[in-house]
Amino acid sequence: MPTPDLVTAELTLTGRITTASNATFLGSIGDVVVVYKPIAGESPLWDFPQGTLAHREVAAYLVSQAFGWGIVPRTWLRDGPMGEGMVQLWQEQDPAQDAVDLIPADHMPETGWKHVLQGRDENGRLVALVHEDSPALRRMAVFDVIVNNADRKGDHILALADGHRHGVDHGLTFHRDHKLRTVLWGWLGDALTADEEAGIDRVSEGLHGELGRNLADLLSAEEIASLAARCARLRLAGRFPAPSGEMSAVPWPLF
Ligand SMILES: Nc1ncnc2c1ncn2[C@@H]1O[C@H](COP(=O)(O)OP(=O)(O)O)[C@@H](O)[C@H]1O
Ligand SMILES: [Mg+2]
């Protein structure tokens, strides 16, 4: 089967992934499996302008490309059965792996994991929220600070069989106000690595060229200026930030 044109070839819906907040569908373009989120299916939010989430998802992909770490699966805008929306390549998760987990609080592994917080589950047991301590997740945490991700839930991190980790669901990004809500707080205060700093620099430089031009079709000028400011601030600090502001530092639910 020839590779279909991912923008113009017919997009067929094969299932619905979420029904609650946003309309998120599983679809196919020829034999390519995709996620499709029509703009018409975006629920109104108090803090993000209506009808902009699909654009933010594509903007997050472009920034991910500038980082060069393959965090966000290929994402683009196109028409579909329910109108214009965002489409993203489907990535098969490994059901045997979890990058983020809730575990009994007294079962914290000695190495390889970071502890974020603890609380009681519905049965009153003390549980801990933990995530992998890996270069891949560190990069995702840096990416989240830069795109100002307000919704990095556990289920928005896909664990692939080969060890790669993808981030998905980036509709709540690029707000001008600080909105970082994430489960990836394990490196709070730690110094950034040279690799992480180089990634931030690629985004900063990109904003003066092709990345900046492409983002101009997707985000407001103020949002792009805020993005540049976050890059500069994180580079200057040289460390993973701590939670700040009045709002919750973790998304709810956590998964
Ligand atoms: N590109 C993808 N590949 C594989 N699974 C995905 C992909 N995008 C989303 N998912 C899965 O579908 C779930 C719902 O998608 P999400 O983008 O979070 O939609 P919503 O905006 O409705 O919350 C995710 O938590 C994830 O498990
Ligand atoms: Mg989601």
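Quick look at the structure, then. On a predicted model such as this, the values are computed, not experimentally measured, just so you know.

## Things to note about the coordination of the magnesium ion (ligand 2)
Metal coordination angles have textbook ideals: 109.5 degrees for a tetrahedral set of four donors and 90 or 180 degrees for an octahedral set of six. For the magnesium ion (ligand 2), every protein donor is listed as His 156 (NE2) and Asp 169 (OD), and the spread of their distances is 2.0 to 2.2 Å. Of this pair, His 156 sits in the loop between helix H2 (135-147) and strand S9 (157-159) while Asp 169 sits in the loop between strand S10 (165-167) and helix H3 (194-206), placing them 13 residues apart in sequence. With relative accessibility at 22%, the residue Asp 169 sits in the partly exposed group.

## Regarding helix H1 (residues 53-67)
An α-helical turn contains 3.6 residues, so a residue and the one three or four places further along point in the same direction. The first and last C-alpha atoms of H1 sit 21 Å apart over 15 residues, in line with the 21 Å expected at 1.5 Å per residue. For H1, the buried fraction is high: 13 of the 15 residues fall into the buried class. After H1 finishes, the residue Gly 68 shows a positive phi value of roughly 80°.

## Observations regarding the site of ligand 1
Thr 18, Thr 24, Lys 37, Gln 91 and Asp 169 are the nearest of the 16 residues found near ligand 1. Within the side chain of Lys 37, an N or O atom sits 2.8 Å from an oxygen atom of ligand 1. Taking His 156, its side chain carries an N or O atom lying 3.0 Å from an oxygen atom of ligand 1. In isolation ligand 1 offers 540 Å² of accessible surface; the protein chains occlude 89% of this area. When atom positions are compared with the pocket grids, ligand 1 is found to occupy the largest pocket. Broken down by secondary-structure element, the contributors of at least two residues to the shell around ligand 1 are strand S1 (11-18), strand S3 (32-38) and strand S5 (85-89).

## Description of a nonpolar patch on the surface
Residues Ile 17, Val 33 and Trp 90 make up a contiguous nonpolar surface patch of about 240 Å² in total accessible area. Within the element layout of this structure, Trp 90 appears in the loop between S5 and strand S6 (100-104).

## Brief notes about the nonpolar core
Core analysis: the largest hydrophobic core is formed by 45 residues, its most contacted members being Val 63, Phe 67, Ile 146, Leu 184 and Leu 215. Elements supplying a minimum of two residues to this core: H1, H2, H3, helix H4 (210-215) and helix H5 (221-237). Shared between two domains, this core takes at least three residues from each, and those domains are domain 1 (12-95 + 134-237) and domain 2 (100-130). If sequence neighbours within four positions are ignored, Ile 146 has contacts with Val 63, Phe 67, Ile 200, Val 203, Leu 227, Arg 230, Cys 231 and Leu 234. By size, the runner-up hydrophobic cluster in this structure holds 10 residues, among which are Leu 11, Ile 29, Val 32 and Tyr 36.

## Quick look at the pairing of S3
The buried count for S3 comes to 6 of 7 residues, which makes it a mostly enclosed element. Across 5 bridges, the pairing between strand S2 (residues 24-29) and S3 is antiparallel. Within S3, the residue paired with Leu 26 across the bridge is Val 35. Bridge analysis of S3 against S5 gives 5 bridges, and the strand direction is antiparallel. Note that in S5 the partner of Val 34 across the bridge is Leu 89.

## Here's the deal with the layout of surface pockets
Counted as a void, the largest pocket has a volume near 640 Å³. Lining the largest pocket are 31 residues; nearest its centre among them are Thr 18, Thr 24, Lys 37, His 156 and Asp 169. Sorting the residues of the lining of the largest pocket by element identifies S1, S3, H1 and S5 as the ones contributing at least two each. Residues that form the lining of the largest pocket fall into these classes: 14 nonpolar, 11 polar and 6 charged. If you add up the space inside the second largest pocket, you get close to 310 Å³. Val 145, His 178, Arg 230, Arg 233 and Pro 241 are the residues nearest the centre of the second largest pocket, which is lined by 16 residues in total. If you list the elements that add at least two residues to the lining of the second largest pocket, you get H2 and H5.

## Structural notes on the packing of aromatic side chains
Counted by the stated rule, this structure contains 4 aromatic pairs. Across from the ring centre of Trp 76, 5.3 Å away, lies the NZ or CZ of Arg 74, which sits over that ring.

## Concerning the pairing of strand S8 (residues 126-132)
Successive residues of a regular strand alternate their side chains across the two faces of the sheet. Counting buried positions along S8 yields 6 of 7 residues, so the element is predominantly enclosed. As paired elements, S6 and S8 share 5 bridges and run antiparallel to each other. Opposite Val 100, over in S8, you have His 131 as the bridge partner. Note: strand S7 (residues 113-120) against S8, 7 bridges, orientation antiparallel. Looking at S8, one finds that Gly 119 is bridged to Val 127.

Reading guide: rules and limits
Residues numbered from 1 in each chain as written. Chains lettered and ligands numbered in written order. Predicted model: local features only at pLDDT ≥ 70, side-chain atom pairs only at ≥ 80, totals over all residues. Heavy atoms only, no water. Donors = N, O, S within 2.8 Å, 3.2 Å for Na, K, Ca; no water. Helix = DSSP H or I, 4+ residues; strand = E, 2+ residues; numbered from the N terminus. Buried < 20%, exposed > 50% of the residue type's maximum accessible area, 1.4 Å probe, protein only. Expected span 1.5 Å × (residues − 1). Near = heavy atom within 4 Å. Polar contact = N/O pair within 3.5 Å; in protein donor to acceptor, adjacent residues only side chain to side chain. Areas by Shrake-Rupley, 256 points an atom, 1.4 Å probe, with all protein chains shown as cover. 1 Å grid on protein atoms, 1.4 Å probe; cavity = no way out; pocket = protein on both sides within 12 Å on 5 of 7 lines; lining within 4 Å. Sits in = over half its atoms within 2 Å of the grid points. Patch = residues over 30% accessible without salt bridge, like charges linked within 9 Å, V, L, I, M, F, W, Y side chains within 5 Å. Salt bridge = Lys/Arg side-chain N within 4 Å of Asp/Glu carboxyl O. Core = buried A, V, L, I, M, F, W, Y, C linked by side-chain atoms within 4.5 Å. Domains from an automatic or database assignment. Contact = heavy atoms within 4.5 Å. Pairing = 2+ DSSP bridges. Points joined across faces, edges and corners; volume = space filled by probe spheres on them. Nonpolar A, V, L, I, M, F, W, Y, C, P; charged D, E, K, R; others polar. Phe/Tyr/Trp six-rings, centres within 6.5 Å; stacked < 30°, edge-to-face > 60°. Lys NZ or Arg CZ within 6 Å of the ring centre and 35° of its normal.

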